[in-house]
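# Coordinates in review
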Amino acid sequence: MRREWNQRARSDAYYYVATGRHKQDKAEFLSTAEPVLSVFASTFNRIRTAGPAEMRRALEIGCGPGRLMLGMRESFGEVHGVDVSDEMIALAREHLREVPGTHVHECSGSDLAGLPSDYFDFVYSYAVFQHIPDAGIVTRYLAESARVLKPGGVLSCQLRGAATASWDGSAADVTWFGCVYPDRKSVV
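Notes on the structure follow.

### A closer look at the side chain of Glu 144
In this structure, Glu 144 sits in helix 6 (residues 135–148). Of the polar contacts made by the side chain of Glu 144, one reaches the backbone nitrogen of Leu 112; its length is 2.8 Å.

Following this line, the structure appears as structure tokens:
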């Protein structure tokens, strides 16, 4: 996954994060965050952790160049992001370098190792889990999300529950089209 997402980041990072158009400039790319942020904001009232909003912490799984982290910083005192691609991490650090309370971490692509348990009020992931090629890794991320969430915290994410008609199952597309979750073999 790391190799393929690094390649995508080098070729056209903004397109592979927000597929509206190839070769977006930074302003156009960052503007694509607003509709996504509105959806997440509609779930904030479900957070039942103690403390004022400015003391709350959010975690983005698959932060890419930091597009959503930038906007989430308005609603949380601290925002962390993880990504498997060191190329995407470098872009996120560049975009967020002057934004206090933001922290970007490279991850293994299969867990949230290194992040503390019971720490985050909100964990979110947008259009990431459907790119993961193994349903077991998605399950691990869901369990890890539960581990790092405080009691009363909220996880918001999307999962692919149906096969994508345009994918032929080839290995070359596996980290773009990802897995169906749950994978039929794992359903008992």
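### Re the packing of aromatic side chains
Using the criterion set out here, one finds 10 aromatic pairs in the structure. Relative to Phe 122, the ring of Phe 44 lies with its centre 5.2 Å away and its plane at 85 degrees, an arrangement referred to as edge-to-face. Residue Phe 44 is located in the loop between helix 3 (33–41) and strand 1 (57–61), and its partner Phe 122 is located in strand 4 (residues 120–124); the two are separated by 78 residues in the primary sequence. Given a relative accessible area of 16%, Phe 44 falls into the buried group. Plain terms: the ring middles of Phe 76 and Phe 122 are 5.8 Å apart, the flat faces sit at 10 degrees to each other, and that makes the pair stacked. Of this pair, Phe 76 sits in the loop between helix 4 (67–72) and strand 2 (78–83) while Phe 122 is found in strand 4, placing the two residues 46 residues apart along the sequence. Judged by its relative accessible area of 2%, Phe 76 is buried. Taken together through their ring pairs, the aromatic side chains of Phe 40, Phe 44, Phe 76, Phe 122 and Tyr 124 make up a single cluster. Lying over the aromatic face of Tyr 16, Arg 8 brings its terminal NZ or CZ to 5.9 Å of the ring centre. Its end group placed over the ring of Tyr 119, Arg 57 keeps NZ or CZ at 3.8 Å from the ring centre.

### Let's talk about helix 3
Burial in helix 3 covers these residues: Ala 33, Val 36, Leu 37 and Phe 40. Along the axis of helix 3, the buried residues cluster in a sector spanning 100 degrees; they form a single face. Relative to its buried face, helix 3 has exposed residues pointing more than 90 degrees away, namely Pro 35 and Val 39. Of the surrounding elements, those touching the buried residues of helix 3 are helix 2 (26–31), helix 4, strand 4 and strand 5 (149–156).

### Focus: the sheet that holds strand 5
Taken together, the 5 strands give an open sheet; going across it, the order is 3-2-1-4-5, and neighbouring strands pair in parallel fashion. Of all the strands in the sheet, the pair left with one neighbour each is strand 3 (102–106) and strand 5. This sheet shows a mean twist of 20 degrees between the axes of neighbouring strands, independent of strand direction. Bridge count between strand 2 and strand 3: 5 bridges; the pairing is parallel. Bridge assignment links Val 82 to a residue of strand 3, and that residue is His 105.

Conventions we followed
- Residues numbered from 1 in each chain as written.
- Predicted model: local features only at pLDDT ≥ 70, side-chain atom pairs only at ≥ 80, totals over all residues.
- Heavy atoms only, no water.
- Helix = DSSP H or I, 4+ residues; strand = E, 2+ residues; numbered from the N terminus.
- Polar contact = N/O pair within 3.5 Å; in protein donor to acceptor, adjacent residues only side chain to side chain.
- Phe/Tyr/Trp six-rings, centres within 6.5 Å; stacked < 30°, edge-to-face > 60°.
- Buried < 20%, exposed > 50% of the residue type's maximum accessible area, 1.4 Å probe, protein only.
- Lys NZ or Arg CZ within 6 Å of the ring centre and 35° of its normal.
- Arc of directions from axis to C-beta.
- Contact = heavy atoms within 4.5 Å.
- Pairing = 2+ DSSP bridges.
- Axes fitted to C-alpha atoms, helices over the stretch in contact; angles between N-to-C directions.

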